[in-house]
Structure formats: C-alpha cells, structure tokens
Amino acid sequence: MGRVEFRDVEFRYSDASDDSTATLDGVSFVAEPGAHVALVGPSGAGKSTVLSLASRLYEATGGAVLFAGSDVRQVKQHSIIDHVGIVSQETYLFHASIADNLRYAKPDATDEELIEACRAASIHHVIETFEQGYDTIVGERGYRLSGGEKQRIAIARVLLKDPPVLLLDEATSALDTVSERIVQEALDAAANGRTTITIAHRLSTVIGADVIHVVDHGHIVESGSHATLLAEG
Ligand code: ADP
Ligand code: ADP
C-alpha cells in the first residue's frame, strides 16, 4: 500500500468553467514505498490539489492515481483512510482530553501504543509537564497548549494508525522558528520508513527529500534533489 503513483493526472474543479485551463494537467510522479517526495512551487500552483487527490478527497478527472498499483477508484474509501495519514497546518484537535484526542484515531489503542506514538511525536515529555497528563483538556483554561504542542499531538494521533503513507501539507508553516524545528524533527521521525509526500513553502524545509518536484500552473516543471535544484537556481 506504500507506493503512490500519479499517472498523467488531469484535474478540474467542478465549478471551473469549461474553457478554463485544468488545475492539474499531465502530472506524473511516483513515490516508491518509504520514499520522501516533496512538492514546492508558488501559491495556487496546484500542490494542495495533488494531496487532495492522493487522499481521495477528490478524484482525478483524467489519468489515474494508483495505490500499490491499484487505481484509487477501485480501492475502498475506508482502506484509504486507514492507509493515509494527513498532517496539515490546522490540527483539528477536539475540545476533549489529550487521551480522547489520540484514541479518536484508534479507539482500542493500548496505553503502550499511546505512549509509543507520543514518544515518536516527541510529545511524551510535554504531556508530563501538565499536571493532569493525558487527562488534560485541549483548549481548557489553565492548560494552554502551544501551537507546536498541538501539532505534535496531531502527529501522535496520525502515528497511532501507523499509516504507510503520510501527506504533509505545510504542517509547520503556522509555527514560530523554535516550534517549527521541534515539530519538523517529529515529522522527520514520523516520515522515517513511510512513503511521504510533503508540500513545502520553502526549499530549505525539504533538504532530506529523495526528490523535489517543482509545481507551477498545474504542471511539474522541474524535478531533482535539493542540491541539483539549488545549483540550477
Ligand atoms: P497550491 O497548494 O499550490 O497553493 P492549490 O492546489 O490550492 O494550489 O490551488 C490550485 C488552483 O486551484 C488555484 O487556482 C486555486 O484557486 C484553485 N482551487 C483550489 N481549491 C479549489 C476549489 N475547492 N474549487 C475551485 N478551485 C480551487
Ligand atoms: P507556538 O510558539 O508553539 O506556535 P503559540 O504561539 O500557539 O505557540 O503559543 C505560545 C504561548 O501562548 C504558549 O505558551 C501557549 O500556551 C500560549 N497560548 C496559545 N494560545 C493561547 C491563547 N488562546 N490564550 C492564551 N495563551 C495562549
């Protein structure tokens, strides 16, 4: 389930006029199992749309998106939900305890699994600093979690499902530099061994990517490593 392929994908939003250009046109790339693929490019280029197609929020209007060689249109939606973890700028935590937020992803998770996911997301020691630990209510007065702390809880929640594919949509862009670094470390740990597709606003945040695709006006206009793209300017 870890291999993701875009094969000559075209996409038009349903509200787009017939004569307008497609939002994505001829987009092809492969993320091999465990590989880390990054998408960079200007705002409006189509990067988020690529992730929406990879998570099957939308279906391609041309070409195909394949998971482990199968067209996603043939893969059951719940299977996609089980196999794809999404971390975005918005954390979507509930006004509930940290434990309930985490168990939302996996209701039958054991304490050990919970702790392991928190350790992997570097949230364990954060929780220990709160008097009530896992019972701390997210958003409750007196127990304010910082943006970086919330993001790490969101990452731990995703890791509980142990998804083979991770989609990261500018997950650190709302954070200050210090939180950004801590969350980036948690994301790097989460991405280890998983197929990862990352949207980045800066080339510097995707130094570790196996390949970077530059997206512009719905096309992949350039692909390469961080070093080759920098060299080409
Ligand atoms: P990026 O992530 O690179 O900033 P997006 O994928 O968000 O780009 O957007 C690509 C294009 O699709 C933009 O022109 C944007 O306005 C348009 N677009 C994005 N979402 C929608 C939508 N839900 N309906 C119609 N057009 C959209
Ligand atoms: P980060 O630097 O991780 O993005 P934030 O900017 O969200 O953190 O929060 C910085 C500090 O402000 C944290 O200590 C957090 O507890 C506190 N804080 C966050 N949101 C609020 C809020 N709505 N009201 C009061 N304090 C807050």
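Each remark here, short or long, concerns the structure printed above.
Not measured: the values here are computed from a predicted model.

Enquirer: Would you mind going over the nonpolar core with me for this structure?
Expert: Here is a general trend for soluble globular proteins: nonpolar side chains tend to be buried in one another's company. Ranked by size, the top nonpolar core spans 35 residues in total, and within it Leu 102, Tyr 134 and Ile 155 carry the most contacts. Those elements giving two or more residues to this core turn out to be helix 3 (98-103), helix 4 (111-120), helix 5 (124-129), helix 6 (147-160), strand 7 (165-169) and helix 7 (177-191). With residues near it in sequence (within four places) discarded, Leu 102 still touches Leu 114, Cys 118, Tyr 134, Ile 153, Ala 156, Arg 157 and Leu 160. Within the second largest apolar cluster, 27 residues are counted, among which are Ala 31, Val 50, Phe 67 and Val 72.

Enquirer: So what exactly am I meant to see when it comes to the layout of surface pockets here?
Expert: Empty space among the atoms can be located by rolling a probe the size of a water molecule over them. As a volume, the largest pocket reaches approximately 800 Å³. Lining the largest pocket are 29 residues, with Val 84, Gly 85, Ile 86, Val 87 and Val 158 positioned closest to its centre. Of all elements in the fold, only helix 1 (47-54), helix 2 (77-83), strand 6 (84-88), helix 6 and strand 7 reach the threshold of two or more residues within the lining of the largest pocket. Along the lines of polarity and charge, the residues of the lining of the largest pocket split into 15 nonpolar, 8 polar and 6 charged. In this structure, the second largest pocket spans a volume of roughly 270 Å³. Gln 184, Asp 188, Ser 204, Thr 205 and Val 206 are, among the 19 residues lining the second largest pocket, the residues nearest its centre. Here the lining of the second largest pocket gets 6 residues from one element, more than from any other, and that element is helix 7. Grouping the amino acids of the lining of the second largest pocket by side-chain chemistry returns 5 nonpolar, 9 polar and 5 charged.

Enquirer: I'm lost on the packing of aromatic side chains in this one. Help?
Expert: The relation between two aromatic rings is expressed through the spacing of the ring centres and the mutual angle of the planes. Evaluation of the coordinates by the stated rule reveals 5 aromatic pairs. Their ring planes at 40° and their centres at 5.5 Å tell us that Phe 11 and Tyr 58 sit as a pair that is tilted. Of this pair, Phe 11 sits in strand 1 (residues 4-11) while Tyr 58 is found in the loop between helix 1 and strand 4 (62-67), placing the two residues 47 residues apart along the sequence. Taking relative accessible area as the criterion, Tyr 58 reaches 36% and is therefore assigned partly exposed. In textbook terms, an aromatic cluster arises when at least three aromatic residues are bridged by ring pairs, as seen for Phe 11, Tyr 13 and Tyr 58.

About the cut-offs
- Residues numbered from 1 in each chain as written.
- Chains lettered and ligands numbered in written order.
- Predicted model: local features only at pLDDT ≥ 70, side-chain atom pairs only at ≥ 80, totals over all residues.
- Heavy atoms only, no water.
- Core = buried A, V, L, I, M, F, W, Y, C linked by side-chain atoms within 4.5 Å.
- Buried < 20%, exposed > 50% of the residue type's maximum accessible area, 1.4 Å probe, protein only.
- Helix = DSSP H or I, 4+ residues; strand = E, 2+ residues; numbered from the N terminus.
- Contact = heavy atoms within 4.5 Å.
- 1 Å grid on protein atoms, 1.4 Å probe; cavity = no way out; pocket = protein on both sides within 12 Å on 5 of 7 lines; lining within 4 Å.
- Points joined across faces, edges and corners; volume = space filled by probe spheres on them.
- Nonpolar A, V, L, I, M, F, W, Y, C, P; charged D, E, K, R; others polar.
- Phe/Tyr/Trp six-rings, centres within 6.5 Å; stacked < 30°, edge-to-face > 60°.

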